[in-house]
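Descriptive structure summary
Here is what each chain is made of, one letter per residue.
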Amino acid sequence: MRYSKHILTVALAAMLPGAALNAQTYNDTVRNNTWSVYGYGGISTHHGLRSETKTDIRSVYAPSFALGVKYNIKPWIRVGLEAGYTLLKSKNESTFRTEATKTDYVGSNKNQYTQTTEEMAVLIDNHDQHVVSGDLNVDINLLRLFKADGKFNIWLGTGVGYLWGWDRGTQTVMSSSNVLDKTTESVDKWTATYGIETPGRDTNTHGLFIPGRISFEYDICPLWTIGARAEYKYLPLDNELTPKGICNAGLSLAYNFVGKYYGKRAVAARHQADLDRLNTEINGLRKANNDLDGEKARLTVELAKTIDALNAANKSLEQARNRFKDPILYPVFFQLDKTVITPQQKPNVAAAADLMKKYPNAKLVIKGYASTEGPLDHNQDLSVNRAAAVTKMLVEEYGISADRITSEGCGVTADLFEVFELNRVSMLYVGTE
(Lines give C-alpha, C1' and ligand atoms only; values in the text may rest on other atoms or scores of the structure.)
Protein backbone atom coordinates (compact mmCIF):
# COMPACT_ATOMS: atom_id res chain seq x y z
CA MET A 1 0.00 0.00 0.00
CA ARG A 2 2.85 2.39 0.84
CA TYR A 3 4.46 1.89 -2.56
CA SER A 4 1.13 2.46 -4.31
CA LYS A 5 0.85 5.82 -2.56
CA HIS A 6 4.35 6.65 -3.74
CA ILE A 7 3.40 5.80 -7.32
CA LEU A 8 0.32 8.08 -7.15
CA THR A 9 2.40 10.90 -5.67
CA VAL A 10 4.98 10.68 -8.44
CA ALA A 11 2.24 10.55 -11.08
CA LEU A 12 0.60 13.72 -9.75
CA ALA A 13 3.98 15.42 -9.51
CA ALA A 14 4.56 14.55 -13.16
CA MET A 15 1.26 16.22 -14.13
CA LEU A 16 1.92 19.46 -12.25
CA PRO A 17 4.81 20.69 -14.45
CA GLY A 18 2.64 20.11 -17.54
CA ALA A 19 -0.20 22.17 -16.04
CA ALA A 20 2.20 24.92 -15.08
CA LEU A 21 3.66 24.91 -18.60
CA ASN A 22 0.19 25.30 -20.14
CA ALA A 23 -0.53 28.25 -17.82
CA GLN A 24 2.79 29.89 -18.67
CA THR A 25 2.50 29.50 -22.44
CA TYR A 26 -1.21 30.31 -22.95
CA ASN A 27 -0.76 33.79 -24.44
CA ASP A 28 2.33 32.70 -26.33
CA THR A 29 0.26 29.94 -27.97
CA VAL A 30 -2.86 32.02 -28.72
CA ARG A 31 -1.06 35.21 -29.80
CA ASN A 32 2.23 34.10 -31.28
CA ASN A 33 2.25 33.70 -35.08
CA THR A 34 -1.52 33.07 -35.24
CA TRP A 35 -4.40 34.50 -37.29
CA SER A 36 -7.78 35.85 -36.18
CA VAL A 37 -10.88 37.03 -38.06
CA TYR A 38 -13.51 39.26 -36.50
CA GLY A 39 -16.73 41.12 -37.04
CA TYR A 40 -17.68 44.44 -35.49
CA GLY A 41 -20.98 46.30 -35.12
CA GLY A 42 -21.90 49.55 -33.43
CA ILE A 43 -22.99 53.14 -33.89
CA SER A 44 -21.10 56.08 -35.35
CA THR A 45 -21.26 59.83 -35.34
CA HIS A 46 -19.33 62.56 -37.14
CA HIS A 47 -18.44 66.21 -36.87
CA GLY A 48 -17.38 69.06 -39.11
CA LEU A 49 -19.16 68.06 -42.35
CA ARG A 50 -17.53 69.83 -45.29
CA SER A 51 -20.25 71.07 -47.69
CA GLU A 52 -20.89 73.87 -50.12
CA THR A 53 -24.45 74.17 -48.87
CA LYS A 54 -25.74 73.11 -45.50
CA THR A 55 -23.42 71.59 -42.92
CA ASP A 56 -26.12 69.96 -40.80
CA ILE A 57 -27.94 67.74 -43.26
CA ARG A 58 -26.67 64.52 -41.64
CA SER A 59 -28.10 62.79 -38.57
CA VAL A 60 -25.98 62.65 -35.45
CA TYR A 61 -25.94 58.84 -35.07
CA ALA A 62 -25.80 56.09 -37.67
CA PRO A 63 -25.00 52.35 -37.84
CA SER A 64 -21.47 51.13 -38.44
CA PHE A 65 -20.14 47.67 -39.35
CA ALA A 66 -16.72 46.17 -40.09
CA LEU A 67 -14.97 42.91 -40.93
CA GLY A 68 -11.28 42.34 -40.40
CA VAL A 69 -8.37 39.98 -40.08
CA LYS A 70 -5.49 40.16 -37.59
CA TYR A 71 -2.09 38.50 -37.54
CA ASN A 72 -0.61 38.14 -34.04
CA ILE A 73 3.15 38.48 -34.43
CA LYS A 74 3.82 38.33 -30.70
CA PRO A 75 1.56 38.46 -27.63
CA TRP A 76 2.18 42.23 -27.44
CA ILE A 77 1.90 43.26 -31.12
CA ARG A 78 -0.36 42.45 -34.07
CA VAL A 79 -1.12 43.84 -37.56
CA GLY A 80 -4.41 43.79 -39.41
CA LEU A 81 -6.60 44.71 -42.35
CA GLU A 82 -10.16 46.01 -41.86
CA ALA A 83 -13.04 46.86 -44.20
CA GLY A 84 -15.95 48.87 -42.81
CA TYR A 85 -19.26 50.46 -43.71
CA THR A 86 -20.91 53.53 -42.20
CA LEU A 87 -24.19 55.18 -43.16
CA LEU A 88 -24.23 58.96 -42.78
CA LYS A 89 -27.99 59.26 -42.56
CA SER A 90 -29.76 62.32 -43.98
CA LYS A 91 -32.05 64.19 -41.63
CA ASN A 92 -34.67 64.53 -44.44
CA GLU A 93 -35.51 68.01 -43.25
CA SER A 94 -37.88 70.13 -45.34
CA THR A 95 -37.69 73.74 -46.48
CA PHE A 96 -40.83 75.90 -46.89
CA ARG A 97 -41.31 78.44 -49.67
CA THR A 98 -44.29 80.72 -50.44
CA GLU A 99 -44.89 83.08 -53.37
CA ALA A 100 -47.80 85.38 -54.34
CA THR A 101 -48.54 86.91 -57.77
CA LYS A 102 -51.21 89.44 -58.84
CA THR A 103 -52.31 89.95 -62.48
CA ASP A 104 -54.92 92.28 -64.04
CA TYR A 105 -56.89 91.01 -67.05
CA VAL A 106 -59.54 92.40 -69.46
CA GLY A 107 -62.10 89.81 -70.49
CA SER A 108 -63.84 89.33 -73.85
CA ASN A 109 -66.82 91.21 -72.58
CA LYS A 110 -64.66 94.19 -71.92
CA ASN A 111 -64.90 93.55 -68.18
CA GLN A 112 -61.74 94.05 -66.14
CA TYR A 113 -60.82 91.57 -63.38
CA THR A 114 -57.83 90.78 -61.14
CA GLN A 115 -56.35 87.28 -60.56
CA THR A 116 -54.23 86.69 -57.40
CA THR A 117 -52.24 83.43 -57.05
CA GLU A 118 -50.55 82.26 -53.80
CA GLU A 119 -48.16 79.30 -54.21
CA MET A 120 -46.75 77.40 -51.22
CA ALA A 121 -44.06 74.67 -51.68
CA VAL A 122 -42.35 72.22 -49.31
CA LEU A 123 -38.97 70.82 -50.48
CA ILE A 124 -37.73 67.54 -48.88
CA ASP A 125 -34.07 66.81 -49.70
CA ASN A 126 -32.90 63.22 -49.02
CA HIS A 127 -29.14 62.65 -49.16
CA ASP A 128 -28.08 59.44 -47.35
CA GLN A 129 -24.33 59.02 -47.77
CA HIS A 130 -22.93 55.48 -47.84
CA VAL A 131 -19.29 55.25 -46.73
CA VAL A 132 -17.05 52.25 -47.31
CA SER A 133 -13.58 52.26 -45.83
CA GLY A 134 -10.51 50.09 -45.65
CA ASP A 135 -7.36 50.42 -43.56
CA LEU A 136 -4.12 48.77 -42.57
CA ASN A 137 -3.45 48.90 -38.84
CA VAL A 138 -1.12 47.87 -36.05
CA ASP A 139 -2.07 47.23 -32.39
CA ILE A 140 -0.03 47.18 -29.19
CA ASN A 141 -1.14 45.12 -26.17
CA LEU A 142 -0.86 47.56 -23.25
CA LEU A 143 -1.20 44.94 -20.52
CA ARG A 144 1.61 42.83 -21.95
CA LEU A 145 3.88 45.89 -21.91
CA PHE A 146 3.30 45.99 -18.14
CA LYS A 147 4.09 42.24 -17.83
CA ALA A 148 0.44 41.28 -17.26
CA ASP A 149 -0.64 37.91 -18.64
CA GLY A 150 -4.09 36.44 -18.98
CA LYS A 151 -7.27 36.21 -20.99
CA PHE A 152 -8.09 39.93 -20.67
CA ASN A 153 -6.15 42.35 -22.87
CA ILE A 154 -6.25 46.02 -23.86
CA TRP A 155 -5.11 46.86 -27.40
CA LEU A 156 -4.20 50.36 -28.59
CA GLY A 157 -3.86 50.78 -32.34
CA THR A 158 -3.52 53.11 -35.30
CA GLY A 159 -2.85 52.88 -39.03
CA VAL A 160 -3.80 54.46 -42.35
CA GLY A 161 -6.87 54.01 -44.52
CA TYR A 162 -9.02 55.33 -47.33
CA LEU A 163 -12.78 55.81 -47.60
CA TRP A 164 -15.24 56.15 -50.46
CA GLY A 165 -18.67 57.74 -50.06
CA TRP A 166 -21.57 58.29 -52.41
CA ASP A 167 -25.06 59.87 -52.38
CA ARG A 168 -28.05 58.81 -54.38
CA GLY A 169 -30.20 61.80 -53.50
CA THR A 170 -33.85 62.57 -54.28
CA GLN A 171 -35.96 65.72 -53.93
CA THR A 172 -39.68 65.77 -53.23
CA VAL A 173 -41.67 68.97 -53.85
CA MET A 174 -45.17 69.33 -52.37
CA SER A 175 -46.97 72.39 -53.83
CA SER A 176 -50.30 74.09 -53.08
CA SER A 177 -51.83 76.96 -55.10
CA ASN A 178 -54.69 79.29 -54.05
CA VAL A 179 -56.16 81.25 -56.97
CA LEU A 180 -58.57 84.20 -56.44
CA ASP A 181 -60.38 85.77 -59.43
CA LYS A 182 -62.08 89.08 -58.63
CA THR A 183 -64.23 91.13 -61.02
CA THR A 184 -66.68 93.96 -60.52
CA GLU A 185 -69.48 91.46 -60.39
CA SER A 186 -68.13 88.24 -58.75
CA VAL A 187 -65.29 86.53 -56.79
CA ASP A 188 -64.15 83.05 -57.77
CA LYS A 189 -61.59 81.05 -55.62
CA TRP A 190 -60.04 77.63 -56.34
CA THR A 191 -57.11 75.58 -54.94
CA ALA A 192 -54.74 73.04 -56.58
CA THR A 193 -52.23 70.74 -54.76
CA TYR A 194 -49.64 68.47 -56.35
CA GLY A 195 -46.37 66.69 -55.50
CA ILE A 196 -43.35 65.91 -57.63
CA GLU A 197 -40.35 63.67 -56.77
CA THR A 198 -37.31 64.41 -58.82
CA PRO A 199 -33.73 63.08 -58.71
CA GLY A 200 -31.58 65.17 -56.45
CA ARG A 201 -27.89 65.85 -56.82
CA ASP A 202 -25.86 62.63 -56.74
CA THR A 203 -22.45 63.14 -55.14
CA ASN A 204 -19.36 61.06 -54.61
CA THR A 205 -16.57 61.69 -52.12
CA HIS A 206 -13.34 60.10 -51.00
CA GLY A 207 -10.57 60.79 -48.56
CA LEU A 208 -7.61 59.56 -46.59
CA PHE A 209 -8.12 58.86 -42.89
CA ILE A 210 -6.00 57.92 -39.87
CA PRO A 211 -7.74 55.65 -37.33
CA GLY A 212 -7.12 55.54 -33.61
CA ARG A 213 -8.59 52.57 -31.74
CA ILE A 214 -8.71 51.12 -28.25
CA SER A 215 -10.12 47.62 -27.77
CA PHE A 216 -10.95 45.76 -24.57
CA GLU A 217 -10.92 42.03 -25.31
CA TYR A 218 -11.58 38.88 -23.30
CA ASP A 219 -10.99 35.29 -24.39
CA ILE A 220 -14.11 33.23 -23.70
CA CYS A 221 -11.92 30.31 -24.71
CA PRO A 222 -8.74 30.13 -26.79
CA LEU A 223 -10.83 29.94 -29.99
CA TRP A 224 -13.28 32.82 -29.34
CA THR A 225 -12.71 36.39 -28.16
CA ILE A 226 -15.31 39.07 -27.39
CA GLY A 227 -14.51 42.74 -27.15
CA ALA A 228 -15.67 46.33 -26.88
CA ARG A 229 -14.07 48.98 -29.09
CA ALA A 230 -13.98 52.74 -29.48
CA GLU A 231 -12.53 54.39 -32.61
CA TYR A 232 -11.89 57.81 -34.08
CA LYS A 233 -11.13 58.32 -37.78
CA TYR A 234 -9.43 61.61 -38.57
CA LEU A 235 -9.82 62.86 -42.17
CA PRO A 236 -7.08 65.43 -42.86
CA LEU A 237 -7.99 66.17 -46.51
CA ASP A 238 -10.53 68.95 -47.15
CA ASN A 239 -12.76 67.04 -49.58
CA GLU A 240 -16.34 68.07 -50.36
CA LEU A 241 -19.03 66.35 -48.24
CA THR A 242 -16.54 64.54 -46.00
CA PRO A 243 -16.60 65.02 -42.24
CA LYS A 244 -13.52 66.11 -40.35
CA GLY A 245 -13.81 63.05 -38.16
CA ILE A 246 -15.95 59.95 -37.56
CA CYS A 247 -16.37 58.35 -34.13
CA ASN A 248 -17.78 54.91 -33.54
CA ALA A 249 -18.16 52.46 -30.68
CA GLY A 250 -19.48 48.93 -30.52
CA LEU A 251 -18.86 45.24 -29.86
CA SER A 252 -16.73 42.68 -31.68
CA LEU A 253 -16.47 38.91 -31.91
CA ALA A 254 -13.27 37.20 -33.12
CA TYR A 255 -12.36 33.65 -34.05
CA ASN A 256 -8.74 32.65 -33.40
CA PHE A 257 -7.11 30.03 -35.61
CA VAL A 258 -5.46 28.07 -32.81
CA GLY A 259 -7.23 24.78 -33.46
CA LYS A 260 -3.91 22.98 -33.83
CA TYR A 261 -3.31 23.83 -30.16
CA TYR A 262 -6.79 24.12 -28.63
CA GLY A 263 -9.18 22.39 -31.03
CA LYS A 264 -11.06 19.33 -29.79
CA ARG A 265 -8.78 16.95 -31.64
CA ALA A 266 -5.65 18.77 -30.55
CA VAL A 267 -6.73 18.83 -26.90
CA ALA A 268 -7.77 15.17 -27.05
CA ALA A 269 -4.46 14.22 -28.65
CA ARG A 270 -2.52 16.20 -26.05
CA HIS A 271 -4.47 14.61 -23.22
CA GLN A 272 -3.93 11.17 -24.74
CA ALA A 273 -0.21 11.88 -25.01
CA ASP A 274 -0.18 12.92 -21.34
CA LEU A 275 -2.04 9.74 -20.38
CA ASP A 276 0.38 7.60 -22.41
CA ARG A 277 3.32 9.32 -20.78
CA LEU A 278 1.84 8.85 -17.30
CA ASN A 279 1.04 5.21 -18.02
CA THR A 280 4.63 4.67 -19.13
CA GLU A 281 5.92 6.32 -15.97
CA ILE A 282 3.52 4.32 -13.76
CA ASN A 283 4.60 1.07 -15.44
CA GLY A 284 8.20 2.05 -14.86
CA LEU A 285 7.43 2.79 -11.21
CA ARG A 286 5.69 -0.55 -10.84
CA LYS A 287 8.74 -2.31 -12.26
CA ALA A 288 10.95 -0.30 -9.92
CA ASN A 289 8.60 -1.26 -7.08
CA ASN A 290 8.98 -4.94 -7.95
CA ASP A 291 12.74 -4.52 -8.06
CA LEU A 292 12.55 -2.83 -4.67
CA ASP A 293 10.60 -5.78 -3.27
CA GLY A 294 13.36 -8.15 -4.44
CA GLU A 295 16.03 -5.85 -3.04
CA LYS A 296 14.08 -5.63 0.21
CA ALA A 297 14.05 -9.44 0.54
CA ARG A 298 17.80 -9.61 -0.16
CA LEU A 299 18.52 -6.84 2.37
CA THR A 300 16.38 -8.64 4.95
CA VAL A 301 18.57 -11.71 4.63
CA GLU A 302 21.73 -9.58 4.78
CA LEU A 303 20.36 -7.75 7.82
CA ALA A 304 19.71 -11.03 9.63
CA LYS A 305 23.28 -12.14 8.93
CA THR A 306 24.61 -8.78 10.13
CA ILE A 307 22.55 -8.97 13.34
CA ASP A 308 23.95 -12.45 14.04
CA ALA A 309 27.47 -11.17 13.48
CA LEU A 310 26.85 -8.20 15.78
CA ASN A 311 25.47 -10.47 18.49
CA ALA A 312 28.59 -12.59 18.27
CA ALA A 313 30.79 -9.49 18.42
CA ASN A 314 28.86 -8.17 21.41
CA LYS A 315 29.32 -11.46 23.19
CA SER A 316 33.07 -11.33 22.61
CA LEU A 317 33.13 -7.69 23.68
CA GLU A 318 31.19 -8.52 26.84
CA GLN A 319 33.78 -11.12 27.68
CA ALA A 320 36.60 -8.61 27.26
CA ARG A 321 34.87 -5.51 28.51
CA ASN A 322 36.32 -5.75 32.00
CA ARG A 323 39.90 -5.90 30.82
CA PHE A 324 42.14 -3.56 28.91
CA LYS A 325 45.87 -3.54 29.28
CA ASP A 326 47.03 0.05 28.62
CA PRO A 327 45.64 2.71 31.00
CA ILE A 328 43.69 5.65 29.59
CA LEU A 329 44.86 9.09 30.65
CA TYR A 330 42.69 12.17 31.35
CA PRO A 331 44.42 15.43 32.43
CA VAL A 332 42.61 18.06 34.55
CA PHE A 333 44.41 21.44 34.54
CA PHE A 334 44.23 24.04 37.37
CA GLN A 335 44.90 27.75 37.60
CA LEU A 336 47.84 29.23 39.52
CA ASP A 337 47.66 28.38 43.25
CA LYS A 338 44.07 27.00 42.81
CA THR A 339 42.41 23.67 43.57
CA VAL A 340 39.00 24.46 42.03
CA ILE A 341 38.03 22.49 38.91
CA THR A 342 36.88 24.96 36.23
CA PRO A 343 33.90 24.22 33.92
CA GLN A 344 36.33 23.90 31.01
CA GLN A 345 38.09 20.94 32.74
CA LYS A 346 34.96 19.15 33.95
CA PRO A 347 34.41 17.17 30.67
CA ASN A 348 37.65 15.24 31.29
CA VAL A 349 36.44 14.24 34.76
CA ALA A 350 33.08 13.17 33.23
CA ALA A 351 34.90 11.10 30.57
CA ALA A 352 36.89 9.26 33.25
CA ALA A 353 33.67 8.62 35.21
CA ASP A 354 31.94 7.19 32.10
CA LEU A 355 34.84 4.82 31.52
CA MET A 356 34.72 3.70 35.16
CA LYS A 357 31.00 2.95 34.82
CA LYS A 358 31.52 1.04 31.57
CA TYR A 359 34.22 -1.20 33.04
CA PRO A 360 33.18 -2.28 36.56
CA ASN A 361 36.62 -3.83 37.26
CA ALA A 362 38.55 -0.69 36.28
CA LYS A 363 40.58 1.24 38.81
CA LEU A 364 41.41 4.95 38.84
CA VAL A 365 44.71 6.48 39.98
CA ILE A 366 44.81 10.25 40.48
CA LYS A 367 48.19 12.03 40.76
CA GLY A 368 48.20 15.73 41.61
CA TYR A 369 51.06 18.10 40.61
CA ALA A 370 52.13 21.71 41.06
CA SER A 371 54.35 23.96 38.97
CA THR A 372 57.73 25.16 40.19
CA GLU A 373 56.61 28.59 41.46
CA GLY A 374 56.41 29.09 45.23
CA PRO A 375 57.65 27.16 48.29
CA LEU A 376 58.03 23.40 48.05
CA ASP A 377 55.94 22.56 51.10
CA HIS A 378 53.09 24.77 49.86
CA ASN A 379 53.25 23.17 46.43
CA GLN A 380 53.18 19.71 48.02
CA ASP A 381 49.96 20.55 49.83
CA LEU A 382 48.61 22.10 46.63
CA SER A 383 49.21 18.87 44.67
CA VAL A 384 47.49 16.78 47.35
CA ASN A 385 44.45 19.07 47.39
CA ARG A 386 44.20 19.02 43.59
CA ALA A 387 44.06 15.22 43.55
CA ALA A 388 41.53 15.30 46.39
CA ALA A 389 39.32 17.78 44.48
CA VAL A 390 39.07 15.42 41.51
CA THR A 391 38.32 12.49 43.82
CA LYS A 392 35.57 14.42 45.54
CA MET A 393 33.89 15.31 42.22
CA LEU A 394 34.00 11.70 40.99
CA VAL A 395 32.45 10.42 44.19
CA GLU A 396 29.87 13.11 44.89
CA GLU A 397 28.75 14.12 41.35
CA TYR A 398 29.29 10.92 39.35
CA GLY A 399 28.73 8.23 41.98
CA ILE A 400 32.09 6.47 41.60
CA SER A 401 32.97 4.39 44.65
CA ALA A 402 35.92 5.77 46.63
CA ASP A 403 37.25 2.18 46.97
CA ARG A 404 38.06 2.21 43.24
CA ILE A 405 40.08 5.44 43.46
CA THR A 406 43.68 5.97 44.59
CA SER A 407 44.64 9.60 45.13
CA GLU A 408 48.09 11.05 45.91
CA GLY A 409 49.92 14.38 45.74
CA CYS A 410 53.20 14.25 43.82
CA GLY A 411 54.44 17.75 44.59
CA VAL A 412 56.36 19.97 42.17
CA THR A 413 57.16 18.84 38.60
CA ALA A 414 58.48 20.41 35.42
CA ASP A 415 58.72 17.19 33.44
CA LEU A 416 55.10 16.54 32.36
CA PHE A 417 54.71 19.44 29.91
CA GLU A 418 57.18 21.86 28.29
CA VAL A 419 54.84 24.79 29.07
CA PHE A 420 55.41 25.00 32.79
CA GLU A 421 51.90 26.39 33.51
CA LEU A 422 50.41 23.09 32.28
CA ASN A 423 52.15 21.24 35.10
CA ARG A 424 49.45 22.51 37.51
CA VAL A 425 47.47 19.34 36.84
CA SER A 426 45.88 16.22 38.16
CA MET A 427 46.53 13.15 35.96
CA LEU A 428 43.74 10.51 35.91
CA TYR A 429 44.85 6.99 34.94
CA VAL A 430 42.04 4.47 34.26
CA GLY A 431 43.05 0.83 33.73
CA THR A 432 42.20 -2.79 34.56
CA GLU A 433 45.74 -4.13 34.92
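Residues numbered from 1 in each chain as written. Predicted model: local features only at pLDDT ≥ 70, side-chain atom pairs only at ≥ 80, totals over all residues. Heavy atoms only, no water.

1. Section: the overall build of the chain
Regarding its fold elements, the chain presents 7 helices and 16 strands. Burial statistics for the chain: of 433 residues in total, 33% are counted as buried. A fraction of 73% describes how many contacts in the chain between residues 6 or more apart in sequence connect residues 24 or more apart. Summing over all exposed atoms, the chain offers an accessible surface of approximately 26,000 Å²; the carbon and sulfur share of this is 60%. (Helix = DSSP H or I, 4+ residues; strand = E, 2+ residues; numbered from the N terminus. Buried < 20%, exposed > 50% of the residue type's maximum accessible area, 1.4 Å probe, protein only. Contact = heavy atoms within 4.5 Å. Areas by Shrake-Rupley, 256 points an atom, 1.4 Å probe, with all protein chains shown as cover.)

2. A look at the sheet that holds strand E13 (residues 328–333)
One key point about sheets: their strands pair by backbone hydrogen bonds, in either a parallel or an antiparallel sense. The strand order across the open sheet built from 4 strands is E13-E16-E14-E15, with neighbouring strands paired in mixed fashion. Sheet topology places E13 and strand E15 (405–412) at the edges, where each strand pairs with a single neighbour. Shown here is a sheet whose adjacent strand axes are inclined to one another by a mean of 20°, direction ignored. Relative to strand E16 (residues 425–431), E13 runs antiparallel, the two being bridged by 6 bridges. Note that in E16 the partner of valine 332 across the bridge is serine 426. Here helix H6 (residues 346–358) sits on the sheet in contact with E13, strand E14 (363–370) and E16, set at roughly 150° to E13. (Pairing = 2+ DSSP bridges. Axes fitted to C-alpha atoms, helices over the stretch in contact; angles between N-to-C directions.)

3. Notes on the packing of aromatic side chains
Summed over all chains, the structure comprises 5 aromatic pairs. Here the aromatic rings of tryptophan 35 and tyrosine 71 are separated by 4.7 Å at their centres, their planes lie at 50°, and the arrangement is tilted. On the criterion of sequence distance, the pair formed by tryptophan 35 in strand E1 (residues 34–47) and tyrosine 71 in strand E2 (residues 62–74) is long-range, its members being 36 residues apart. Relative accessible area serves as the criterion here: at 46%, tryptophan 35 is assigned to the partly exposed category. Among the residues examined, tyrosine 71 registers a relative accessible area of 23% and is labelled partly exposed. Residues tyrosine 255 and phenylalanine 257 carry aromatic rings whose centres are separated by 5.1 Å and whose planes lie at 90° to one another, so their mutual orientation is edge-to-face. (Phe/Tyr/Trp six-rings, centres within 6.5 Å; stacked < 30°, edge-to-face > 60°.)

4. Observations regarding the sheet that holds strand E12 (residues 245–256)
Strand order in the closed barrel formed by 8 strands is E1-E2-E3-E6-E7-E10-E11-E12, with antiparallel pairing between adjacent strands. Neighbouring strand axes in the sheet, compared pairwise and without regard to direction, differ in orientation by 25° on average. For strand E3 (residues 77–88) and strand E6 (residues 129–141), the ladder comprises 12 bridges, and the chain directions are antiparallel. Among the inter-strand pairings, tyrosine 85 is bridged to a residue of E6, identified as valine 132.

5. What about the pattern of salt bridges?
Close approach of charged atoms allows side chains with opposite charge to pair. In the structure shown here, the tally under the stated rule is 15 salt bridges. With a closest N to O distance of 3.2 Å, arginine 213 and glutamate 82 form a salt bridge. With arginine 213 in strand E10 (residues 204–221) and glutamate 82 in strand E3, this residue pair connects regions lying 131 residues apart in the sequence. Salt bridges linked by common partners bring Glu82, Asp135, Arg213, Arg229 and Glu231 together as one network. (Salt bridge = Lys/Arg side-chain N within 4 Å of Asp/Glu carboxyl O.)

6. A few points about the pairing of E12
Where E1 meets E12, 12 bridges bridge the pair, whose relative direction is antiparallel. Within E12, the position partnered with glycine 41 by the bridge is leucine 251. Examined bridge by bridge, strand E11 (residues 224–234) and E12 share 11 bridges and lie antiparallel to one another. Considered in E12, the bridge of arginine 229 is made with glycine 250.

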